[in-house]
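Breakdown of the fold
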Amino acid sequence: MRLAKDLMAATSAPLVLAILSEGESYGYAIIARVRELSDGEIEWTDGLLYPLLHRLEGAELVASHWGLAESGRKRRYYAITDAGRAELAEHRKQWSTAVNTLAHAFGAGGRLWPAFAPATAVAR
Amino acid sequence: MSRGDTGRVDALDPESAIASWRAYLVSRGSLSDGDADELEDHLRSQIDALRAAGLDADEAVLIAVKRMGRQDEIAGEYARENSRRLWKQLVVAGSPARPRRLDGGVIMLAFAVLAALLAKLPWLLGAAIAPAVLGGAVLAMATLAASVAWRTRPPRALVAASAVGFAVIFVLALAYPFGGRGDTLVIFGLHAPIVLWLLIGLLYAGAGWRTAAGRMDFVRFTGEWIVYLALIALGGGVLMGITAAVFSALGADPSTVLIDWVAPCGAAGAAVVAAWLVDSKQEVIENMAPVLGRVFTPLFTIAVLAMLAGAVVTGGFGAYREVLIVVDVLLVVVTGLVLYVLSAQQPTARPGWTERLQLLLVLAAFALNGFALAAMLGRIGDGGFTPNRVVALGVNLVLLVGLAGTAWLLARRAFRADASTRRLLAWQTGYLPVYGAWALAAAVVVPPIFAFA
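This is a predicted model, so every value here is computed, not measured.

So, how was this worked out
- Residues numbered from 1 in each chain as written.
- Chains lettered and ligands numbered in written order.
- Predicted model: local features only at pLDDT ≥ 70, side-chain atom pairs only at ≥ 80, totals over all residues.
- Helix = DSSP H or I, 4+ residues; strand = E, 2+ residues; numbered from the N terminus.
- Contact = placed C-beta atoms within 7 Å.
- Core = buried A, V, L, I, M, F, W, Y, C linked by C-beta atoms within 7 Å.
- Buried ≥ 20, exposed ≤ 12 C-beta atoms within 10 Å, placed from the backbone.
- Domains from an automatic or database assignment.
- pLDDT = per-residue confidence, 0-100.
- Pairing = 2+ DSSP bridges.
- Axes fitted to C-alpha atoms, helices over the stretch in contact; angles between N-to-C directions.
- Parallel < 35°, antiparallel > 145°, perpendicular 65-115°, else oblique.
- Left-handed = near helix turned anticlockwise from the far one by under 90°.
- Nonpolar A, V, L, I, M, F, W, Y, C, P; charged D, E, K, R; others polar.

Notes on the overall build of chain B
Secondary structure assignment for chain B yields 17 helices and zero strands. Of all intrachain contacts in chain B linking residues separated by at least 6 positions in sequence, the fraction that spans at least 24 positions is 77%.

Here's the deal with the nonpolar core
Counting 92 residues, the largest nonpolar core has Ala-115, Val-138, Ala-140, Leu-144, Ala-145 and Val-272 of chain B as the members making the most contacts within it. Here this core spans two domains, since at least three of its residues come from each of domain 2 (99-284) and domain 3 (287-420) of chain B. In this view, Leu-144 of chain B contacts Ala-115, Ile-200, Ala-271, Val-272 and Ala-275 of chain B; residues no more than four positions away in its chain are not counted. Membership of the second largest hydrophobic core comes to 26 residues, among which are Ile-31, Leu-49 and Val-62 of chain A together with Ile-47 of chain B.

What about the environment of Tyr-77 of chain A?
All names here are of chain A. Residue position: Tyr-77 is located in strand β2 (residues 74-80). Distance in space between the C-alpha atoms of Tyr-77 and Ala-63 is 8.4 Å, their sequence separation being 14 residues. Every residue in contact with Tyr-77, bar those within four places of it in the chain, is listed here: Glu-24, Ser-25, Tyr-26, Ser-64, His-65 and Gly-67.

So, the confidence of the model for chain A
When pLDDT is averaged along chain A, the result is 83; 85% of the residues meet or exceed 70. In the model, residues 110-124 of chain A has pLDDT below 50 throughout and makes nine contacts with residues more than four positions away in sequence or in other chains.

Considerations on the pairing of strand β1 (residues 62-68) of chain A
When β1 of chain A meets β2 of chain A, the two strands line up antiparallel, connected through seven bridges. Counted as the bridge partner of Val-62 of chain A is Ile-80 of chain A from β2 of chain A.

Details of the packing of helix α13 (residues 323-344) of chain B against helix α14 (residues 353-378) of chain B
Residues and elements named next belong to chain B. Where α13 meets α14, the axes come as close as 10 Å, and the angle between the chain directions of the two elements is 165 degrees. Considering the angle they form, α13 stands roughly antiparallel to α14. The chirality of how α13 crosses α14 is left-handed. Contacts between α13 and α14 involve Val-323, Leu-324, Val-327, Leu-330, Leu-331, Val-334, Val-338 and Val-341 from the first element and Thr-354, Gln-358, Leu-361, Val-362, Ala-365, Leu-368, Asn-369, Ala-372, Ala-375 and Met-376 from the second. Counted by class, the contact of α13 with α14 contains 15 nonpolar, three polar and no charged residues.

Comments concerning the confidence of the model for chain B
Residues and elements named next belong to chain B. Within chain B, residue pLDDT values average 80, and 82% of them lie at 70 or more. No element of chain B has a lower mean pLDDT than helix α4 (residues 71-83), which averages 48, and none a higher one than helix α7 (residues 156-175), which averages 92. Across residues 1-11, where pLDDT falls below 50, the model places three contacts with residues more than four positions away in sequence or in other chains. Low pLDDT, under 50, characterises residues 78-99; the predicted model gives this stretch 36 contacts beyond four residues in sequence or across chains. Across the whole predicted complex the pTM is 0.62, and at the interface the ipTM reaches 0.76.

In structure tokens, the structure reads:
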């Protein structure tokens, strides 16, 4: 599934912060992790990820350092900063509000949009 | 035909393919070495994953490169992040909210011709020499402002504000009865253009004129405009020299035509053309700015240190009357150089030797300024406060405060972990209006106070 451009833009920063909060990582692995988390539905490109990482670094939400990959290659690793964790907490609050609201709204009109039935309902 | 056959004629060498891919990206001019390393690691990770899935090395390279997206797209994304230059966003489809007009070479030429004509208009209408030159220059800059506004399409309020500013300076240029030794005339002539240039900056930055990024774009524009103008002036000077030589040899005197017409009209037209070139041919100059900054920072540092050594050896400035003016010019150049280097820097760049050299340069300029101030204050008794001295002191103060803040932030950046350039940018761009306010005061208030001496 292709997410709309706006939705892609809005979710990318919190996703990267959340993935980095699991531990430091690098570009290729972050894209792989997004693929895994989305069950293969979301495929990021390098053109999206690296500018985003550099922007987050400019805002001091993440920090980068050069290290060596297992293969012995130079590799840039990214780690979340304290400011990044605070930002992530804020994202989490806002997203849970947004997602809950949408789930309720879509649930009320479930007849019209069966595809959007809230995940909790499906689980039950 | 067999896969992996080493005898295959058109076999793709993975290493050379990766090297040429990387060279292509770097040649686009928007990637630092670190960014290229990072992308190359990404590409190689992709290749490894594809090979692990059973592909041959050459197949893996081809698919991995393809998956990295269209290469100009990558370069475009990088361009946007790396330099944050508004014009760079043009590379990326559909990003700027307010598209700039970059084509229109014909319109630019029309603006250039208009500037050249308007530069001579007051003279044609029979104005005296001082108002003719000043008024012509204001009109030429107004045309330049109009051409910038035509391209950037700033909000109406900003256009109105700068139009009022230009009108006021134009009226004063014609109305101020400069006389005597011409000191206040020179002061007006040096400061009014700064006010007008900042008004042009207002139009250039448009709606973003309050933001550090918008102002820094204008600083960058200024630096690149000066480089282009210098190149054009160089070529124009050579051309005029040859023309003069040939006509002199023909027995005709070309000096009136060249000095009264070609030089002022050419300068006015060149100002417009240079501004257009900055916005439409950035790729060329963009690579030049950081290089020039890096070349000239050490040279200036050495020169100022030499001057400082000279001041120490000779015991300071002795007989030279307007010593402060010379040092002011030096401080202006140092301020400009520091701004120029900063404007070319990537926001995430780590501090290195450039920062330390800049700091040394600023501190050396401070010390030299101390000598000049001592010499000046020692002799303020004889002659008292002339307009030149008041303005020289004012300029000195304004520049010193600006450079002191810069030095402090540079020191933090060079010697501590505060690696981000954000505070430096905020200070430098926040201080720009101070230059404007001072220039306005010097141009408008100082001449009447000293009775247009």
